[in-house]
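Summary of the model geometry
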Amino acid sequence: MLNSLLLAALVVAHDPGYYTSLANHVRRWLGQEQVTARVVTPREMSDALASERIAFLVGFSSPTAAEMKTLHAFRARGGKLVVFHSASPALADLLGVKPVGYAAAPAPGAYSRMDFVPGALAGAPTSVRQTSTVLQRARPIPGRSRTVATWSDRAGRSTGEPAWLASDAGFWMTHVLLADGDEDQKARLLGALVGVADPSAWSLAGHRRRVSERAAATRAYALRQVPRAGEIHATWDHSGCGLYPGDWGRTMRVLREARVTDLFVNVAGAAFAHYPSGVLPRSKTFAQEGDQMAACLAAARGTGVRVHAWMICFSATRGAPATLDDYARRGWRLKTPKGALTDYLDPSNAQVRGRVLAALDELQARYPALAGLHLDFVRWGDAAAKPRNAAAVVTQFVAEARRRVRRPRWLTAAVYGKYPACVATVGQDWLGWLDAGLVDYLVPMDYCESNAKLDELLAQQATPRSHARRIVVGLGVTANESRLDARQVIEQINLTRKYGFAGVSLFDLDTTLEKSIFPYLKLGVW
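Just so we're clear, the structure is a prediction, and the values are computed from it rather than from any experiment.

1. Description of the environment of Val196
- For Val196, the position within the fold is in helix H5 (residues 183–197).
- The partly exposed category is assigned to Val196, whose relative accessible area is 34%.
- Along the sequence, Val196 and Gln461 sit 265 residues apart, while their C-alpha atoms lie 49 Å from each other.
- Ignoring anything within four residues of it in the chain, the contact list for Val196 reads Lys80, Leu121 and Phe171.

What follows is the structure in structure tokens.
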């Protein structure tokens, strides 16, 4: 048996990048539950597992024979495994579950909540909200495993599709835990899993005490804040469907009560449109949910919330496979220096620019109530080969957009915060755009958890101070790069005020903002 004094957990990310970011979220949630966790690579796993009781495996789609040998040895010592989104027959056999194949969600919101079987997992929440678009489906094997949670759709109807399975060896999730809200419940769920491995390491009573203490301290801090007149309070809605797809009225009520002034709603990109576009490929969301731009604007009427159409300019990552193939045949997609295709489009291609600009014209003509157009991915792909005049090409596009978007309608742009580094890396000379009057407001994505690092960025961006009045600082509340609780958001808002910025925009509109951030902001700072 494992040493009962060793209460830490191990999180193993099989690959760098996306899986490591997911692993870091698991580590963060465990830390919230006062469970020490560390993230390691598979190469470090063998030595690290010698001193742990539970291991969370992220990205183990095809573990090697050596990795499986390490995991079998860990199990033989009594260790528990938690496996996310795997179809590995070897791992499935170790956990006692049966993989039954990959599946995309049959409709938007089909997998929107995990509902736990009462009493099946001690200490687990009743449900956890999360919108998953794909699953690696699995079934329990009689006598070896059982279903402890199933997926429900956004209307609360059970799909019967297993979300979590449990066995003596540990737990199997048919997707990954996403950082898209319901933070306290995800932390509680992970704590409960640790509690199975070692009941002395976590308790539900302790979880409830911590949540209550944090809420009281944050409320007291929020009540000491004061608002600033005339400030922009914006948020990005990445889904393009609001907090409650199919019910924009409910989302707008949340925004109005939270004193949000501006909403950047992601309804269009070079490869999709959530409205009946005659220029861009119409999305599955439009086909199944209807015109999101029209529904959003109708719900916003009379609320005081200004609505901006958020346009993804030179990225096709949200396009259907057929659309990406078509763009490749047209020669629109950028390539890496080694010649590999990327999902980014060529800003120097006149046809690409023309299509995006035509979509801006279309949005303005169809929806006169729009307060503005918000440009994003108005840059070259990070890993793509770029010409020497990369920055000039992007600036020319922004100038063309400016000629089309006439005041009083705003033209805004989300940009990389580190200047002038972004000029060389992605051709984004946003200081030049400000000086030339090409945008009404810039929204730098200043996503960082460190207030000291944010302060450095803000000091640079506020030189001269005239620039600060035309910058809305983007804060990464639920971004891959940063996760902020309500107190941190308030602290960072106050930092922006020190330099006289026009306001802030919070990423992203999800249940974390609704349940854990907005209630504290409206107590004082907003």
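2. Some details on H5
- Over its 15 residues, H5 extends 22 Å from the first C-alpha to the last, a length consistent with the 21 Å expected when each residue adds 1.5 Å.
- Of all 15 residues making up H5, twelve are buried, and the element is well covered by its neighbours.
- Three or more residues of H5 are buried, namely Glu183, Lys186, Ala187, Arg188, Leu189, Leu190, Gly191, Ala192, Leu193, Val194, Gly195 and Ala197.

3. Observations concerning the nonpolar core
- Judged by nonpolar contacts, the single largest core of 97 residues is most densely connected at Met293, Leu363, Trp433, Leu506 and Phe518.
- Per-element tally for this core: the top contributor is helix H12 (residues 390–404), with seven residues.
- Excluding residues within four positions of it along the chain, Trp433 makes contact with Val378, Val394, Thr395, Val398, Ala413, Val415, Gln428, Leu438, Val439 and Leu442.
- Ala9, Val26, Val82 and Ala201 belong to the second-largest nonpolar core, a separate cluster that totals 46 residues.

4. Observations regarding empty space enclosed by the protein
- Per the counting criterion, the structure on display carries one cavity of 30 Å³ or more.
- There is about 40 Å³ of room inside the largest cavity.
- Forming the walls of the largest cavity are Leu22, Ala23, Val26, Val58, Phe84, Val176 and Leu177.
- Grouping the amino acids of the lining of the largest cavity by side-chain chemistry returns seven nonpolar, no polar and no charged.

5. Examining the pairing of strand E12 (residues 232–237)
- Summarising burial for E12: six of the six residues are buried, a large majority.
- Of the two faces of E12, the one carrying Ile232, Ala234 and Trp236 and the one carrying His233, Thr235 and Asp237 are both buried.
- As paired elements, E12 and strand E22 (residues 503–507) share four bridges and run parallel to each other. By the bridge assignment, His233 is partnered in E22 with Val504.
- Strand direction decides the pairing type here: E12 and strand E13 (residues 262–269), joined by four bridges, are parallel. Bridge pairing in E13 links Ala234 to Asp262.
- After leaving E12, the chain enters helix H7 (residues 248–257) and then returns to the sheet as E13, a path that is right-handed.

6. A short note on the packing of aromatic side chains
- Counted under the stated rule, the structure contains 15 aromatic pairs.
- Here Trp236 and Phe264 contribute two aromatic rings whose centre-to-centre distance is 6.1 Å and whose plane-to-plane angle is 40°, an arrangement assigned as tilted. In this pair, Trp236 is assigned in strand E12 and Phe264 in strand E13, connecting sequence segments 28 residues apart.
- Residue Trp236 is classed as buried on the basis of its relative accessible area of 1%.
- Here the aromatic residues Trp236, Phe264, Tyr447 and Phe507 are joined through ring pairs into a cluster of three or more.
- In this structure, Arg318 packs its charged tip against the face of Phe272, placed 4.5 Å from the ring centre.
- Seen from the ring of Trp332, Arg330 lies directly overhead, with NZ or CZ sitting 4.8 Å from the centre.

7. Side note on the sheet that holds strand E4 (residues 80–84)
- The strand order across the open sheet formed by nine strands is E2-E1-E3-E4-E11-E10-E9-E6-E7, and the pairing between neighbours is mixed. The sheet terminates laterally at strand E2 (37–40) and strand E7 (127–132), the two strands that pair on one side only. Across the sheet, the mean angle from the axis of one strand to that of its neighbour is 25°, orientation sign disregarded.
- Of the strand pairs in this sheet, strand E3 (residues 54–58) and E4 are connected by five bridges, and their pairing is parallel. From the neighbouring strand, Val58 faces E4, where its bridge partner is Phe84.
- Contacts from H5 reach E3, E4, strand E6 (111–116), E7, strand E10 (158–167) and strand E11 (170–173), with the element oriented near 130° to E3.

8. Quick word on the pattern of salt bridges
- A full pass over the atoms with the stated rule returns 26 salt bridges.
- Between Asp198 and Arg53 there is a salt bridge whose closest N-O contact spans 3.2 Å. In this pair, Asp198 sits in the loop between H5 and helix H6 (204–223) while Arg53 sits in the loop between helix H2 (42–48) and E3, placing the two residues 145 residues apart along the sequence. Comparing Asp198 with Arg53, the two get one shared label, buried.
- With its nearest N and O atoms 3.6 Å apart, the salt bridge here joins Glu231 to Arg228.
- The buried category is assigned to Glu231, whose relative accessible area is 6%.
- The exposure class of Arg228 is partly exposed, given its relative accessible area of 26%.
- By sharing partners, the salt bridges in this structure join Arg28, Glu183 and Arg483 into a single network.

Conventions we followed
Residues numbered from 1 in each chain as written. Predicted model: local features only at pLDDT ≥ 70, side-chain atom pairs only at ≥ 80, totals over all residues. Heavy atoms only, no water. Helix = DSSP H or I, 4+ residues; strand = E, 2+ residues; numbered from the N terminus. Buried < 20%, exposed > 50% of the residue type's maximum accessible area, 1.4 Å probe, protein only. Contact = heavy atoms within 4.5 Å. Expected span 1.5 Å × (residues − 1). Core = buried A, V, L, I, M, F, W, Y, C linked by side-chain atoms within 4.5 Å. 1 Å grid on protein atoms, 1.4 Å probe; cavity = no way out; pocket = protein on both sides within 12 Å on 5 of 7 lines; lining within 4 Å. Points joined across faces, edges and corners; volume = space filled by probe spheres on them. Nonpolar A, V, L, I, M, F, W, Y, C, P; charged D, E, K, R; others polar. Pairing = 2+ DSSP bridges. Right-handed = clockwise from strand over helix to strand, strands pointing away. Phe/Tyr/Trp six-rings, centres within 6.5 Å; stacked < 30°, edge-to-face > 60°. Lys NZ or Arg CZ within 6 Å of the ring centre and 35° of its normal. Axes fitted to C-alpha atoms, helices over the stretch in contact; angles between N-to-C directions. Salt bridge = Lys/Arg side-chain N within 4 Å of Asp/Glu carboxyl O.

The values are spatial; any link to function lies outside them.
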